[in-house]
Amino acid sequence: MSSNNKWNQPDQPPPPLFIGKKERDLIKQVNDELIERVVGQQVLYYPVDVATTDFHDLYGEAIEKTFLPPVRVYALVEWEAYGTEYSENIGVDKRIEITVHFHKRRLSEDQDLYVRAGDFVSYGGIYYEIVNWAEPRKIYGQVNHSVEVSAKCVRARPGVFDGN
Amino acid sequence: MAIKETKEIMPSTLETIDRAFYDWVNKTLDISATTNRGWNKVPLIWVSAERSFQIKEDKNLRDEFGVLKLPLITISRNSIVKDPAKKGAVQANVFRQNDPKGGTISFSRRINQSKTADFANADANKTTPNFGVQGPLAGQVNFPFNNKKVVYETLTIPLPTYVNVTYSVTLRGEYFQQINEMLTPFIVKTGQINGFTLTADGHKFEGFLPQDFAQNNNVANLGDDERVFETKIDIRILGYLMGALKNDEQPKMTVRESAVEVRIPREHVIFGDIPTTISGAFYRE
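What you are looking at is a predicted structure, and each value in this text was computed from that prediction instead of being measured. (Residues numbered from 1 in each chain as written. Chains lettered and ligands numbered in written order. Predicted model: local features only at pLDDT ≥ 70, side-chain atom pairs only at ≥ 80, totals over all residues.)

S.K.: An account of the overall build of chain B is needed here, citing residue identities and associated values.
M.R.: Each helix and strand in chain B was counted, giving five helices and twelve strands. Its C-alpha radius of gyration of 31 Å places chain B more than 25% over the 19 Å reference for a compact globule of 285 residues. Taken over the C-alpha atoms alone, chain B extends approximately 105 × 40 × 40 Å along its principal axes. Considering chain B as a whole, with its 285 residues, one finds that 21% of them fall into the buried category. Counted over contacts in chain B with a minimum sequence separation of 6, partners at least 24 positions apart contribute 72%. (Helix = DSSP H or I, 4+ residues; strand = E, 2+ residues; numbered from the N terminus. Rg over C-alpha atoms; globule rule 2.2 N^0.38 Å. Buried ≥ 20, exposed ≤ 12 C-beta atoms within 10 Å, placed from the backbone. Contact = placed C-beta atoms within 7 Å.)

What follows is the structure in structure tokens.
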């Protein structure tokens, strides 16, 4: 490189111009406060413990499930549906669905918890199974930083999970 | 003392048929395929597992983002048909014994040594002939003679109920080569015929491969989708069920003893056979 070149390659890539660590921390702080102080909704998260649950070796199902100690999590809970539905050849049934928006950083960094399909949450005394989840948004497009984990949950029948 | 051979006999249930088929694909065919990580055994998945089991049980099935690694073979049970026209070795229907013991088909038979010896000794010990009494009338136990009163223990089991269970095996890969490698064992394993046998828990079932192996590839109309190669094979297994297990009032296996002597008891009280005045006096049964 010639000595008269006034432009130098920096050793490290520069931080994003407007959204760096400080800004991300601010976003986390605001969201923590919003979810815990303003929204105030909380769920109990029951991670299924595959090490101690006696899953059927062929069918991969367990009538009796064991779980790790449940974790209280503040989250934004979206009430999706609570109503009757007609189960074909069975009759009238009810379906309850919620979508739980977990704060990603609060969950993974502070509570060391990771959302997995098949785990259970309790909300309002009802148990729900997480049927799918997604991380729909990134913080200003930064690939390693998600805003939330959005989990769709349907009510778990007592035969599937009863928290005991 | 006679040595009794012990042999555990497992019931044949739907799970037994499922397991036989799973083991046939997993162990008998034992399919591997070429991947960018080498020549590896293709994972076999039973489709109906719970979500938590799918996600957490075997981390090698997925990458660090939770995406399934291909190639992959899945098995799902599609239908169960009880077709009277498609039965196995036991063709006729034989009703069960209508008692708590049940049982239909004799499975094995052995001599009950103890009870046979009791009858033989009872006859050998007699000194005066009676109706139905055989033996030498030697008045001596263990006296050898040709004993006709042999007590047999017969083991009976419920009638096998034949069912045709259809499974869908789905082969999914990222390359045509992988599909070729996975599909070929299904075609060539049975030779020129399409039938095979499979076993589980000591039971033997028959399987029938289809003539068509449906290809579900999207390469002809790829569009925006990822390139996926899929082949579906519907395989019919002729299995049988024996008893309804816990829902059955009768046991899965019954032991019955043969009758060697007919006795007609008398009513002792009415006829005054039991001596009431002499303690411990003999009376004829």
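S.K.: Kindly report on the overall build of chain A, identifying the contributing residues and their values.
M.R.: Looking only at helices and strands, one finds two helices and six strands in chain A. For chain A, whose C-alpha radius of gyration is 22 Å, the value lies well above the compact-globule estimate of 15 Å for 164 residues. Taken along its principal axes, the extent of the C-alpha atoms in chain A is 80 × 40 × 30 Å. Buried positions account for 19% of the 164 residues belonging to chain A. For chain A, long-range pairs separated by at least 24 residues make up 59% of all intrachain contacts whose partners lie at least 6 apart in sequence.

S.K.: Give a detailed account of helix α1 (residues 14–29) of chain B, specifying residues and quantitative values.
M.R.: All names here are of chain B. For α1, spanning 16 residues, the distance from its first C-alpha to its last is 21 Å, which sits close to the expected 22 Å at 1.5 Å a residue. Along its length, α1 reaches its greatest deviation from straightness, about 30 degrees, at Asp23. Among the residues of α1, Thr16, Ile17, Asp18, Arg19, Ala20, Phe21, Trp24 and Val25 are the ones counted as buried. Here the buried face of α1 lies against β3 (44–46), β4 (72–81), β7 (161–173), β8 (195–200), β9 (203–208) and β11 (229–241). (Expected span 1.5 Å × (residues − 1). Bend = angle between axes of the 7 residues up to and from the residue.)

S.K.: Tell me about the domain arrangement of chain B, and please be specific about residues and values.
M.R.: One widely used convention gives an interface's size as the accessible area the parts lose upon coming together. Segmenting chain B into domains produces domain 1 (1–110 + 152–285) and domain 2 (113–150). Summarising the inter-unit geometry, the C-alpha centres of domain 1 of chain B and domain 2 of chain B are found 48 Å apart. (Domains from an automatic or database assignment.)

S.K.: Which residues make up the interface of chain A and chain B, and what are the values?
M.R.: Opposite the twelve residues of chain A that make contact, chain B presents 14 residues. For the side of chain A that touches chain B, the residue count by class is seven nonpolar, two polar and three charged. (Nonpolar A, V, L, I, M, F, W, Y, C, P; charged D, E, K, R; others polar.)

S.K.: How would you explain the sheet that holds strand β4 (residues 120–123) of chain A if you had to name every residue and give the values?
M.R.: Residues and elements named next belong to chain A. Taken in spatial order, the six strands line up as β1-β2-β3-β6-β5-β4 and close into a barrel, and their pairing is antiparallel. Each strand of the sheet is rotated relative to its neighbour by a mean of 40 degrees, with strand direction disregarded. Sheet topology note: the strand β1 (residues 42–46)/strand β2 (residues 71–87) ladder contains four bridges and is antiparallel. Each residue of the ladder has a partner; that of Val43, found in β2, is Val73. (Pairing = 2+ DSSP bridges. Axes fitted to C-alpha atoms, helices over the stretch in contact; angles between N-to-C directions.)

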